[in-house]
Amino acid sequence: EQGGLEKVEGRFQPLEDMYRMLEKFEVQVKDGELERLGNLRSEWAGYRKLLTEVGTRLQKAKADFKDDLLNSLADMRTREQELRADFLRSAPFDGEMHGEAPALIDEYRNQCAAVRKKEKEMAAGLKIFAIEAPPNKETATTEKELELLQVVWGMWDEWEGKMAGWKYGKFKEIDVTAIENDAAQVGKRLYKLSKEVKQWKVLDTLREKVEGMKKLMPLIMDLRNPAMRDRHWKGL
């Protein structure tokens, strides 16, 4: 710092006076010391000049670093918006995307993780220049909706698993009450989810599956009725 440099330079004169005092009292001083004393001011001037040059280069380097940081921040912001747009366009919101849903969810999670990693890497540089990163609402919303999609598709798989058991069971062995309870529970969960997300076709499709099974219950009750006779089955 400038004050420190001036403090050091202020000691030159007392040092030179001390050597003159030694000469006055005929104290033997080594030639090498006298030579270094004679070169002290010129070498100090060169050192001050070097510090000035280095300071100028440092300021330029800091300015370049700040420009690069701001450009990277702008690029990251663009990436966040592009990720959000792609997610809204291609994420598995439709029931017809059942086969590819798990892979897509994992892929978007990886992309969100990459954005978060980049944010963390840039945090130290932003702190140096007291730059506050803009809020990343897009990625936060995408992360939340990915969690909801995971829940929805988990419910889908759970319901499909139950359906597989029911479809191939015998009418007389089907527990209608259990099916109605399962359908009611899934219906409640779907109702809660519908308050958090709007216009997801997968929710509508799953709700239709559940409602369709509920509508079949009276028919199943009739078909498992002990009063059914062979002639009734032949008639069907």
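Residues numbered from 1 in each chain as written. Predicted model: local features only at pLDDT ≥ 70, side-chain atom pairs only at ≥ 80, totals over all residues. Heavy atoms only, no water.

### Some remarks on the overall build of the chain
Item 1. Along its length, the chain carries 8 helices and 0 strands.
Item 2. Helices and strands in the chain line up, N terminus first, as α-α-α-α-α-α-α-α.
Item 3. By the burial criterion, 27% of the 236 residues in the chain qualify as buried.
Item 4. Contacts in the chain between residues at least 24 apart in sequence constitute 77% of all its contacts with a sequence separation of at least 6.
Item 5. Element-wise, carbon and sulfur atoms account for 53% of the exposed surface of the chain, whose accessible area totals about 16,600 Å². (Helix = DSSP H or I, 4+ residues; strand = E, 2+ residues; numbered from the N terminus. Buried < 20%, exposed > 50% of the residue type's maximum accessible area, 1.4 Å probe, protein only. Contact = heavy atoms within 4.5 Å. Areas by Shrake-Rupley, 256 points an atom, 1.4 Å probe, with all protein chains shown as cover.)

### Details of the nonpolar core
Item 1. Counting 37 residues, the largest nonpolar core has Leu149, Trp159 and Trp200 as the members making the most contacts within it.
Item 2. At the level of secondary structure, the elements contributing two or more residues to this core comprise helix 3 (31-90), helix 4 (101-128), helix 5 (137-167), helix 6 (176-196) and helix 7 (201-223).
Item 3. If you tally residues by element for this core, the top one is helix 5, at 10 residues.
Item 4. Discounting chain neighbours no more than four positions away, the residues touching tryptophan 159 are Trp166, Asp182, Ala183, Val186, Leu206, Lys209, Val210 and Met213. (Core = buried A, V, L, I, M, F, W, Y, C linked by side-chain atoms within 4.5 Å.)

### What about a positive patch on the surface?
Item 1. A surface patch of positive charge is lined by Lys188, Lys192, Lys195 and Lys198.
Item 2. Positionally, lysine 188 belongs in helix 6.
Item 3. Judged by relative accessible area, which is 60%, lysine 188 ranks as exposed. (Patch = residues over 30% accessible without salt bridge, like charges linked within 9 Å, V, L, I, M, F, W, Y side chains within 5 Å. Salt bridge = Lys/Arg side-chain N within 4 Å of Asp/Glu carboxyl O. Lys, Arg positive; Asp, Glu negative; His and termini not counted. Charge placed at Lys NZ, Arg CZ, Asp CG, Glu CD.)

### Here's the deal with the packing of aromatic side chains
Item 1. All told, the structure shown has 6 aromatic pairs when counted by the stated rule.
Item 2. Geometrically, the ring pair formed by phenylalanine 87 and tyrosine 108 is edge-to-face, given 5.3 Å between the ring centres and 90° between the ring planes. Taken as a pair, phenylalanine 87 in helix 3 and tyrosine 108 in helix 4 lie far apart in primary sequence, 21 residues in all.
Item 3. When its relative accessible area of 0% is taken as the criterion, phenylalanine 87 is described as buried.
Item 4. Of the aromatic side chains, those joined through ring pairs into one cluster are Phe87, Phe93, Tyr108 and Trp200. (Phe/Tyr/Trp six-rings, centres within 6.5 Å; stacked < 30°, edge-to-face > 60°.)

### Here we look at a nonpolar patch on the surface
Item 1. Residues Tyr47, Leu50, Leu51 and Val54 make up a contiguous nonpolar surface patch of about 310 Å² in total accessible area.
Item 2. Turning to its location among the elements, valine 54 is positioned in helix 3.
Item 3. Classification of valine 54 as partly exposed rests on a relative accessible area of 37%.

### Description of the pattern of salt bridges
Item 1. For the structure on display, the rule yields 13 salt bridges.
Item 2. Between aspartate 182 and lysine 162 there is a salt bridge; the shortest N-O distance is 3.6 Å. Here the residue aspartate 182 occupies a position in helix 6, and lysine 162 occupies one in helix 5, the gap between them amounting to 20 residues.
Item 3. When its relative accessible area of 28% is taken as the criterion, lysine 162 is described as partly exposed.
Item 4. For arginine 207, the salt bridge identified is with aspartate 204, shortest N-O distance 2.9 Å. Of this pair, arginine 207 and aspartate 204 both sit in helix 7, separated by 3 residues, roughly a single helical turn.
Item 5. The partly exposed category is assigned to aspartate 204, whose relative accessible area is 37%.

### Re helix 4
Item 1. With 28 residues, helix 4 extends 42 Å from end C-alpha to end C-alpha; this agrees with the ideal 40 Å at 1.5 Å per step.
Item 2. Those residues of helix 4 lying buried are Ala101, Leu104, Ile105, Tyr108, Gln111, Cys112, Val115, Met122, Gly125 and Leu126.
Item 3. Within two residues after helix 4, alanine 130 carries a phi angle of roughly 55°, on the positive side. (Expected span 1.5 Å × (residues − 1).)

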